[in-house]
Amino acid sequence: MYALIQAIFTVATLALTVPLFKSYRMHTCFEVFKLSATVWNGGNYIFEVMPRQAVAKNKKKEETSSSPSNVQPNGDKNYALCRRASVEDLAESMVLLDNMKSAVHID
């Protein structure tokens, strides 16, 4: 069934190439149609999809801001370990930076 549908689509597409190539008016109309379809789809996305995404984002932000601050994100038990590791990495980076400054004699 897929091969049959693909064959019909291929023949229909190829059938349009010669008339579009030979007729400037038909080619121009086809290009205007493609541009109109693109603008229509983009407008629908901007006015329908993006507002829903913004509302969902605001709801999520309100939910996270109303939660207590002492609760770890997403209930992750490894959050404290990750936090400590990042602080240790920062401290190590600071030591390396100090060593580089003293090697180059920058104050």
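A quick note: this is a predicted structure, and the numbers were derived from the prediction, not measured.

### Considerations on the overall build of the chain
Along the backbone of the chain there are three helices and zero strands. If you list the helices and strands of the chain from N to C, you get α-α-α. Residues counted as buried form 1% of the 107 residues belonging to the chain. Accessible surface, the chain: about 10100 Å² in total, of which carbon and sulfur atoms supply 66%.

### Side note on the pattern of salt bridges
Opposite charge on two side chains allows them to pair when their charged atoms are near. In total, this model carries one salt bridge according to the counting rule given. Between lysine 34 and glutamate 31 there is a salt bridge, and its shortest N-O distance comes to 3.3 Å. Within this pair, lysine 34 and its partner glutamate 31 are both found in helix 2 (residues 24-66), separated by three residues, close to a single helical turn. Exposure remark for lysine 34: the relative accessible area of 37% places this residue in the partly exposed category.

### Digging into the confidence of the model for the chain
Looking at the chain as a whole, its pLDDT mean stands at 78, while 64% of the residues score no less than 70. When mean pLDDT is compared element by element in the chain, helix 1 (residues 2-22) scores highest at 94, while helix 3 (residues 79-104) scores lowest at 63.

### Describing a nonpolar patch on the surface
A cluster of nonpolar side chains, contributed by Met1, Leu4, Ile5 and Ile8, occupies part of the molecular surface with about 480 Å² of accessible area. Position of methionine 1 among the secondary structure elements: in the segment before helix 1. By relative accessible area, methionine 1 is classed as exposed at 74%.

### Description of the environment of methionine 26
Examined against the element boundaries, methionine 26 turns out to sit in helix 2. With relative accessibility at 37%, the residue methionine 26 sits in the partly exposed group. Each C-alpha atom, one on methionine 26 and one on leucine 16, is 10.0 Å from the other, the two residues being 10 residues apart in sequence. Aside from chain neighbours lying at most four places away, what touches methionine 26 is Pro19 and Leu20.

Cut-off values and rules
Residues numbered from 1 in each chain as written. Predicted model: local features only at pLDDT ≥ 70, side-chain atom pairs only at ≥ 80, totals over all residues. Heavy atoms only, no water. Helix = DSSP H or I, 4+ residues; strand = E, 2+ residues; numbered from the N terminus. Buried < 20%, exposed > 50% of the residue type's maximum accessible area, 1.4 Å probe, protein only. Areas by Shrake-Rupley, 256 points an atom, 1.4 Å probe, with all protein chains shown as cover. Salt bridge = Lys/Arg side-chain N within 4 Å of Asp/Glu carboxyl O. pLDDT = per-residue confidence, 0-100. Patch = residues over 30% accessible without salt bridge, like charges linked within 9 Å, V, L, I, M, F, W, Y side chains within 5 Å. Contact = heavy atoms within 4.5 Å.

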